[in-house]
Amino acid sequence: MAKRKGITVSRQLMDSQMLHPEATGELTGLLNELIVAGKIISAEVNMAGLADILGQSGKTNIQGEEVQKLDEFANQTIKRRMEQCGYICVMGSEEDDDIIGVLDGYEGKYTVAFDPLDGSSNIDVNVSIGTIFAIHKRKSKGKQGVREDLLQKGRDLIAAGYIIYGSSTMLVYTTGDGVHGFTLDPSVGEFFLSHPDITIPERSKYYSVNEAYEKYWHDNTRNYIEHLKELDYRGERCYSLRYIGSLVADFHRNLIKGGVFLYARDKKSTDKPDGKLRLLYEASPLAMVVEQAGGMAITDDGRRILDIEPTDLHQRVPLILGSREEVELALQYFAD
Ligand code: AHM
Ligand code: MG
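Computed from a prediction, not measured in an experiment: that's the story for all the values here.

Draft legend 1. Layout of the environment of Leu27. Inspection of the secondary structure puts Leu27 in helix 2 (residues 26-46). Residue classification places Leu27 among the buried positions, given a relative accessible area of 17%. With residues up to four places along the chain from it excluded, the contact list for Leu27 reads Tyr110, Ile135, Ile158, Ala159 and Thr175.

Here you go:
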């Protein structure tokens, strides 16, 4: 069905549901609940600049109410919406050590893993941050879900996406039939289709990496970045660096403009031998989005992110993702 700019996200979800006669509406219901959580977080993010006036986090505001830190607020908001939405049996949050159950009697057939507010170092400085989510179908048969329901490969995701709180608030998601982008009109509280069928440019002229860690890089990262810097882009100037430090913002920029993002293993942190980013809450969902948009996502030993079998809720994974040609070039440097 052709997607018309301007349709609401609820309409779009219903249209996709109608393409699957076997659908029960539960996935639509779950996505709608996540969208509500995103709207609530968006409103709070927009108020964040007033935190100094209303009272600092952890302190009380002028009404004597406690002001929560934004990342805690986002985590609580999503958990509260999810625990009684009736569509999931268990959830995992980047902010919680263990799995999180749902309210008795509200068990559903899906699971959701989320990074409630990615880019925590940018929260207080007006730079884009976002919520990332990943949805699987449950595997266990009991009432409540278990860890194994969350420890599933990215290629088995039913849906994934993110809500980015930037110059505008945008929802970008996929249910496996392309990537759709919606922009929130805050005056009416509705997401409207602004970016139908997003495809990532096949080739780009941007790379995103924390270049301050250069001295800690392994040779493969150094050689790859050197190669990018030397390449003459279509006879014009070479690559440019763009690094915001919020994965969701760096990813979104590269999705729209083209580019490759890298957070590979380095010699910097011995406590993080696999890089910094989390497989379940960050790498897997964004890998699904980028592949659906025509790009690629691999680890720094050349494996496809979506094929990795998770063994731990908070497992980290080296991540290279973005435009197809740049990731294919990366494979020459990073494949074992
Ligand atoms: P966080 O979960 O503390 O927000 O850390 C994840 C963030 C990503 O959004 C971003 O890509 C990365 O950390 C930046 O890390 P660094 O400052 O090491 O470049
Ligand atoms: Mg994060």
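Draft legend 2. Region of the structure containing the coordination of the magnesium ion (ligand 2). Around the magnesium ion (ligand 2), the donor atoms from the protein are Asp115 (OD), Asp118 (OD) and Glu282 (OE), and they sit 2.0 to 2.3 Å away. Classification of Glu282 as buried rests on a relative accessible area of 4%.

Draft legend 3. Highlighting the sheet that holds strand 11 (residues 260-263). Taken in spatial order, the five strands make up an open sheet running 10-9-11-13-12, and their pairing is mixed. Both edges of this open sheet fall to strand 10 (240-241) and strand 12 (296-298), since each of them pairs with a single strand only. Alignment of strand 11 against strand 13 (residues 319-322), held across four bridges, turns out to be antiparallel. Looking at strand 13, one finds that Val260 is bridged to Gly322. Contacts between helix 6 (residues 219-230) and the sheet are confined to strand 9 (206-208) and strand 11, with strand 11 contributing the most and set at about 155 degrees to the helix.

Draft legend 4. Seen up close, the domain arrangement of the protein. Once the domains are mapped, the protein shows domain 1 (9-195) and domain 2 (206-334). Distance from the C-alpha centre of domain 1 to the C-alpha centre of domain 2: 24 Å. Taken together, the two surfaces of domain 1 and domain 2 that pack against each other cover about 2,800 Å², and 65% of this comes from carbon and sulfur. Linking domain 1 to domain 2 there are two salt bridges. Here Glu309 makes a salt bridge to Lys153, at a shortest N to O gap of 3.9 Å. Linking domain 1 with domain 2 are twelve residue pairs in polar contact (both at pLDDT 80 or more), by the criterion used here. Contributions of two or more residues to the side of domain 1 that touches domain 2 are made by strand 1 (88-93), strand 3 (110-118), strand 4 (129-137), helix 5 (147-150), strand 5 (159-165) and strand 6 (169-174).

Draft legend 5. Here's a closer look at the site of ligand 1. Among the 15 residues in the neighbourhood of ligand 1, the closest are listed as Asn210, Tyr213, Tyr243, Leu247 and Tyr263. Between ligand 1 and Glu94 there is a distance of 3.2 Å, counted from an oxygen atom to a side-chain nitrogen or oxygen. Asn210 places a polar side-chain atom, nitrogen or oxygen, 2.7 Å from an oxygen atom of ligand 1. Computed on the free molecule, ligand 1 has an accessible area of 470 Å², of which 82% lies beneath the protein chains in the complex.

Draft legend 6. Quick peek at the sheet that holds strand 4. Ordered in space as 2-1-3-4-5-6-7-8, the eight strands form an open sheet in which the pairing is mixed. Pairing within the sheet leaves two strands with one partner each, and these edge strands are strand 2 (100-101) and strand 8 (190-195). Two elements, strand 5 and strand 6, share six bridges in a ladder whose sense is antiparallel. Bridge pairing links Ala160 to Thr174 in strand 6. Together, strand 3, strand 4, strand 5, strand 6 and strand 8 form the strand contacts of helix 7 (residues 247-257), whose direction differs from that of strand 5 by roughly 105 degrees.

Definitions and cut-offs
Residues numbered from 1 in each chain as written. Chains lettered and ligands numbered in written order. Predicted model: local features only at pLDDT ≥ 70, side-chain atom pairs only at ≥ 80, totals over all residues. Heavy atoms only, no water. Helix = DSSP H or I, 4+ residues; strand = E, 2+ residues; numbered from the N terminus. Buried < 20%, exposed > 50% of the residue type's maximum accessible area, 1.4 Å probe, protein only. Contact = heavy atoms within 4.5 Å. Donors = N, O, S within 2.8 Å, 3.2 Å for Na, K, Ca; no water. Pairing = 2+ DSSP bridges. Axes fitted to C-alpha atoms, helices over the stretch in contact; angles between N-to-C directions. Domains from an automatic or database assignment. Buried area = accessible area lost by both parts, 1.4 Å probe. Salt bridge = Lys/Arg side-chain N within 4 Å of Asp/Glu carboxyl O. Polar contact = N/O pair within 3.5 Å; in protein donor to acceptor, adjacent residues only side chain to side chain. Near = heavy atom within 4 Å. Areas by Shrake-Rupley, 256 points an atom, 1.4 Å probe, with all protein chains shown as cover.

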